[in-house]
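Residue strings, one per chain:
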There are 2 protein chains.
Amino acid sequence: MKVNPSASAVWLPWMRRALQLAALADGRTSPNPLVGAVVLDKAGKLVGEGFHACAGEPHAEVGALAQAGKQASGGTLLVTLEPCCHQGRTPPCTEAVIAAGLRRVVVAMQDPDPRVAGAGITRLRDAGLEVITAVLELEAAHQNRAFVHRVSTGRPWGILKWAMSLDGRTALPNGASQWISGGEARRWVHRLRGQCDAVIVGGGTVRADDPLLTSRGHSDPEPKRVVLSRSLDLPQQAQLWNTAVAQTLVAHGLEPGHEQLAHLPEGPELLALPVSEPLELLQALAQQDCNRVLWECGPGLAAAALQQGCVQELAVVVAPKLLGGLPARTPLDDLGLTSMKEVVGLASGSLQSLGADWLLQYELSKHC
Amino acid sequence: MKVNPSASAVWLPWMRRALQLAALADGRTSPNPLVGAVVLDKAGKLVGEGFHACAGEPHAEVGALAQAGKQASGGTLLVTLEPCCHQGRTPPCTEAVIAAGLRRVVVAMQDPDPRVAGAGITRLRDAGLEVITAVLELEAAHQNRAFVHRVSTGRPWGILKWAMSLDGRTALPNGASQWISGGEARRWVHRLRGQCDAVIVGGGTVRADDPLLTSRGHSDPEPKRVVLSRSLDLPQQAQLWNTAVAQTLVAHGLEPGHEQLAHLPEGPELLALPVSEPLELLQALAQQDCNRVLWECGPGLAAAALQQGCVQELAVVVAPKLLGGLPARTPLDDLGLTSMKEVVGLASGSLQSLGADWLLQYELSKHC
């Protein structure tokens, strides 16, 4: 973390407020980042607030400045991300900031978008404004970790979620699995889906569980529902084929013959990938404006996603139930580990209760 | 819980103190219960404290009365368990209580031992003392749940413990398992062993892990180490065969031929059971003064112990690691469940962190 002597404690509560404003649109701004902004007048009084609500809508700074009106003159803008300096779907924010006659801009973090990447800050300084950077930078980077990850890797941030019994099972030996977790945990998963741009399963999950995979209205539009299928051996009837409730993509490699493609159900769109692998899928989803995806798949696809670096975060629901049975389904297929020394411990875990269940969350360190 | 109008709030802090005193000997009193006692003089001032340190040593009441001396006269005795009225290894406590000239006795719970079972309270009342019962009765019953269970069922209280990765594995696919949990969790398990009278594994765990199974000095003597083996296919060299550090029992059914018994290593004692099953083992261990045993076994024996009602409590350490691999060892073999409706949710779970690991603890309800 950079140390900035101008980052006086006076800005912290206002930047916290800007981060709160940004969070109001969590899950709705993709492919754009979350951004929040506040404007203080000359005397340091709050005169404007704004946040970026969704792509195509005005940026946070513009909304906050509009609210402040003439009171912005000589004042301070606090914004969670460096103002943009390029013409996108909306005009460059730097020009609006300069036009408002502000004296100072306080920025939490630089925009990693290569079209900005410090050029916005330079433009403001060249125009004579004082610019203070790196105020609550880590918090801002954490809030926008999905956007930052997508911009820097070309792939959306991946969350791998599973619900298991206390003995580590995701189904009974005969495959029955509805429901392992309780209602509160399932509602938490609906909300999590609402914060994601796509929910991914494999063909096996469609065949075994026939899931709906929506946020149950927490997000409008619903996240894309994606089936990654190597075999394209998919059922004719499935909840996912009803695309009136949400978009469904069937992603497949270029391998399958015409015959299998002809048998696919009506409704879902096809997404052709060079090969039917998690990494290829995420690159394609990044092109479709996805910043954050949720893996809700079986053990084979989950292990492949982990091994291909497509998982940045784990969300594990542990239900106080015992299922038993050596052939019962478990969360992860082979990771290729042969010694406990190769097993990497996950850092920074957090825990919360969801009804009778526990939710364990971990961010995977980069070397996982 | 019984409601007793005489159970005034005035007794609660003193009974809590008596429960604290009782807990000082946790794991060391078997086959006896934990008991703590305080004596208040006529004016309600604390004049004596005592607890039962181990079988054969004076009971808690006797110690507390000895400390109080003549100040007990006209005073009150608070004791976590009904005073005994029979001659055991020590004389009946009721007579010592009567002889001390007390005015009142406050009892948390009745002694379930059929030789007492209310007769101690009756004896005191017959001698003219006021007896108040059921003060912090649930707390006292919880503290002595192992003793109460052993007296009422003829089997020690069973705790099933395992350590698993976040994906529910107790070993890598190749069997490597040392160590899944971190040092703090392993030290917690050492302390847990010190509170138990026996630690039980199957032959497979001896062959796979060669465990030591001691409390590492937390308990003196160390808990018995018990191997329940149907096949008696045991290695010639194993840490458990060194009985200088702790007693080892090899429990087996009456099935094995003379040949297998002749091949058993020197050191451990043999314990012949009618059949080599968890239930038979626990009945034999109750005869050997065990109130509480710890199952640290593999999935087959753990599932059998659960199915035979030999597990009353679960302690699951979840380590923030991913092991993966469908053939990797998991905590429990088949429990015979075929529908999620048959799966019983566990009640009253608690959670604590042990270093980077989580410890989940559950008491199994009676119908599990």
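Here the structure is a predicted model, which is why all the values come from computation and not from measurement.

### Some thoughts on the overall build of chain A
1) Next: Counting its regular elements, chain A contains eleven helices and 14 strands.
2) Next: With the principal axes as the frame, chain A shows a C-alpha extent of 70 × 45 × 35 Å.
3) Next: Across the 368 residues in chain A, those meeting the buried criterion constitute 55%.
4) Next: Within chain A, residue pairs in contact and separated by at least 24 positions form 72% of the contacts whose partners lie at least 6 positions apart.
5) Next: When the accessible surface of chain A is split by element, carbon and sulfur atoms take 51% of a total near 15200 Å².
6) Next: Separation between the mean location of the 32 positive side-chain charges and that of the 35 negative ones in chain A comes to 6 Å.

### Notes on the sheet that holds strand β12 (residues 313–319) of chain B
All names here are of chain B.
1) Next: Taken together, the nine strands give an open sheet; going across it, the order is β10-β9-β8-β7-β11-β6-β12-β14-β13, and neighbouring strands pair in mixed fashion. Edge strands, defined here as strands with exactly one partner in the open sheet, are β10 (269–272) and β13 (347–354). This sheet shows a mean twist of 25° between the axes of neighbouring strands, independent of strand direction.
2) Next: Pairing of β13 with strand β14 (residues 357–363), which is carried by six bridges, proceeds in the antiparallel orientation.

### Some words on the sheet that holds strand β11 (residues 292–295) of chain A
Residues and elements named next belong to chain A.
1) Next: Spatially, nine strands are ordered β10-β9-β8-β7-β11-β6-β12-β14-β13 in an open sheet, and the strand pairing comes out mixed. One side of each edge strand has no neighbouring strand; the edge strands of this open sheet are β10 (269–272) and β13 (347–354). In this sheet, adjacent strand axes meet at a mean angle of 25° when their direction is disregarded.
2) Next: As judged from the three bridges shared by strand β7 (residues 198–202) and β11, these two strands associate in the parallel manner. Note that in β11 the partner of Ile 200 across the bridge is Trp 295.
3) Next: Strands β6 (157–165), β11, β12 (313–319) and β14 (357–363) of the sheet are contacted by helix α6 (residues 145–153), whose axis makes an angle of about 125° with β6.

### A look at the interface of chain B and chain A
1) Next: Contact with chain B, which involves 46 residues of that partner, is made by 47 residues of chain A.
2) Next: Carbon and sulfur atoms supply 71% of the area that chain B and chain A bury against each other, a total of about 3600 Å² over both sides.
3) Next: At the boundary of chain B with chain A, the tally comes to zero salt bridges.
4) Next: Secondary-structure elements contributing two or more residues to the side of chain B that touches chain A are β6 (157–165), α11 (299–307), β12, β13 and β14 of chain B.
5) Next: Considered class by class, the residues forming the side of chain B that touches chain A number 29 nonpolar, twelve polar and five charged.

### Focus on the side chain of Ser 181 of chain B
Residues and elements named next belong to chain B.
1) Next: Topologically, Ser 181 is positioned in the loop between β6 and α7 (183–194).
2) Next: Relative accessible area serves as the criterion here: at 9%, Ser 181 is assigned to the buried category.
3) Next: Dropping the residues within four chain positions of it, Ser 181 is found in contact with Ala 163, Arg 186, Val 317, Ala 319 and Asp 357.

### Digging into the pattern of salt bridges
1) Next: The tally for this structure, following the rule as stated, stands at 24 salt bridges over all chains.
2) Next: Across the pair Arg 145 of chain B and Glu 313 of chain B runs a salt bridge whose closest N-O atoms are separated by 3.2 Å. One end of the pair, Arg 145 of chain B, is in helix α6 (residues 145–153); the other, Glu 313 of chain B, is in strand β12, and 168 residues separate them in sequence. Of the two residues, Arg 145 of chain B and Glu 313 of chain B, both sit in the buried class.
3) Next: Between Asp 209 of chain B and Arg 329 of chain B there is a salt bridge, with its nearest N and O atoms 3.7 Å apart. Placement of Asp 209 of chain B in helix α8 (residues 203–209) and of Arg 329 of chain B in the loop between β12 and β13 is noted, with a sequence separation of 120 residues between them.
4) Next: Residues participating in the shared-partner salt-bridge network are Arg 145, Glu 313 and Glu 363 of chain A.

### Details of the side chain of Thr 214 of chain B
Residues and elements named next belong to chain B.
1) Next: Structurally, Thr 214 can be placed in the loop between α8 and β8 (224–228).
2) Next: For Thr 214, a relative accessible area of 5% gives the class buried.
3) Next: Looking at Thr 214, its side chain comes within polar contact range of the main-chain nitrogen of Arg 216, at 3.2 Å.
4) Next: Residue contacts for Thr 214: discarding those within four places in its chain leaves His 190, Arg 193, Glu 222, Arg 225 and Ala 246.

### Things to note about the UniProt feature "binding site: Zn(2+)" (unreviewed entry) in chain A
Residues and elements named next belong to chain A.
1) Next: Taken from the UniProt record, the annotation "binding site: Zn(2+)" (unreviewed entry) applies to His 59, Cys 84 and Cys 93. Look at the named residues: they lie 35 residues apart in sequence, but the longest C-alpha span between them is just 9.1 Å, so in the fold they bunch up.
2) Next: Following the sequence through the fold, His 59 ends up in the loop between β2 (46–51) and α2 (60–68).
3) Next: Those residues in contact with His 59 that sit more than four places away from it in its chain are His 52, Cys 84, Thr 90 and Cys 93.
4) Next: Relative to the helices and strands, Cys 84 is located in the loop between β3 (76–81) and α3 (93–99).
5) Next: If we skip the residues at most four places from it in the chain, Cys 84 touches His 59, Glu 61, Pro 91, Pro 92, Cys 93, Thr 94 and Val 116.

### Considering the pairing of β6 of chain A
Walk down a regular strand and you will see the side chains alternate between the two sheet faces.
All names here are of chain A.
1) Next: Of all nine residues that make up β6, nine are buried, and the element is covered over most of its length.
2) Next: Side chains of β6 alternate between two faces, with Trp 157, Ile 159, Lys 161, Ala 163 and Ser 165 and Gly 158, Leu 160, Trp 162 and Met 164 buried alike.
3) Next: The pairing of β6 with β12 spans seven bridges and is parallel. Within the sheet, the bridge partner assigned to Ala 163 lies in β12 and is Val 317.

### Structural notes on helix α1 (residues 12–23) of chain B
Residues and elements named next belong to chain B.
1) Next: Its twelve residues give α1 an end-to-end C-alpha distance of 16 Å, which sits within 8% of 16 Å, the value for a rise of 1.5 Å per residue.
2) Next: Residues of α1 that are buried: Met 15, Ala 18, Leu 19, Leu 21 and Ala 22. Along the long axis of α1, the arc covered by the buried residues comes to 160°, so they all point the same way.
3) Next: Where α1 is buried, its residues touch β1 (36–40), β2 (46–51), β3 (76–81), β4 (104–109) and α5 (137–143).

### What to know about the relation of the copies chain B and chain A
1) Next: Mapping chain B onto chain A leaves a residual RMSD of 0.0 Å; the transformation is a rotation of 180° accompanied by 0.0 Å of translation along its axis. Both copies of the chain, as the preceding transformation shows, are related through a two-fold rotation axis. Across chain B, the rotation axis passes nearest the C-alpha of Gly 168 of chain B, at a separation of 1.9 Å.
2) Next: With an isologous cut-off of 70% or more, the 100% of interface residues of chain B that recur at the interface of chain A puts this contact in the isologous class.

Cut-offs and rules
In this convention, every chain numbers its residues from 1, walking through the sequence in written order. Chains and ligands are labelled sequentially in the order written, the chains with letters from A and the ligands with numbers from 1. Selection of residues for local features in this predicted model requires a pLDDT of at least 70, selection of side-chain atom pairs for listing and counting requires 80 or more, and totals for whole chains, interfaces and linings are taken over all residues. With hydrogens and water excluded, all non-hydrogen atoms of the structure serve as input to the side-chain values. Only DSSP runs of H or I reaching four residues or more are called helices, and only runs of E reaching two or more are called strands; each is numbered from the N terminus. Buried residues are those whose accessible area, probed at 1.4 Å on protein chains only, stays under 20% of the maximum for their type, while exposed residues exceed 50% and partly exposed ones sit between those limits. Contacts are assigned to residue pairs that have any heavy atoms within 4.5 Å of one another. Each accessible area is a Shrake-Rupley estimate made with a 1.4 Å probe; only the visible protein chains count as cover when residues are assessed. Counted as positive: Lys and Arg. Counted as negative: Asp and Glu. His and the chain ends are not counted at all. Every charge is mapped onto a representative atom, which is NZ of Lys, CZ of Arg, CG of Asp or CD of Glu. When DSSP locates at least two bridges between a pair of strands, those strands are taken to pair. Here an angle of 0 to 180 degrees is reported between the N-to-C directions of two axes, which are lines fitted to C-alpha atoms, with helices fitted over the stretch in contact. Buried area counts how much accessible surface, traced with a 1.4 Å probe, disappears from two parts once they are put together, with both parts' losses summed. Criterion for a salt bridge: a side-chain nitrogen of Lys or Arg within 4 Å of a carboxyl oxygen of Asp or Glu. Under this grouping Gly is polar, as are all residues other than the nonpolar Ala, Val, Leu, Ile, Met, Phe, Trp, Tyr, Cys and Pro and the charged Asp, Glu, Lys and Arg. Pairs of N or O atoms are called polar contacts if they sit within 3.5 Å, as long as, within protein, a hydrogen donor faces a hydrogen acceptor (for residues adjacent in sequence, only side-chain-to-side-chain pairs). UniProt positions are given in the numbering used here, feature names are shortened, and annotations may be inferred rather than shown by experiment. What a helix is expected to span follows from its residue count: subtract one and scale by 1.5 Å. Working definition: the arc comes from the directions between the helix axis and the C-beta atoms, pointing outward to the latter. Copies overlap after least-squares fitting; the atoms used are the C-alpha atoms of residues with pLDDT of at least 70 in both.

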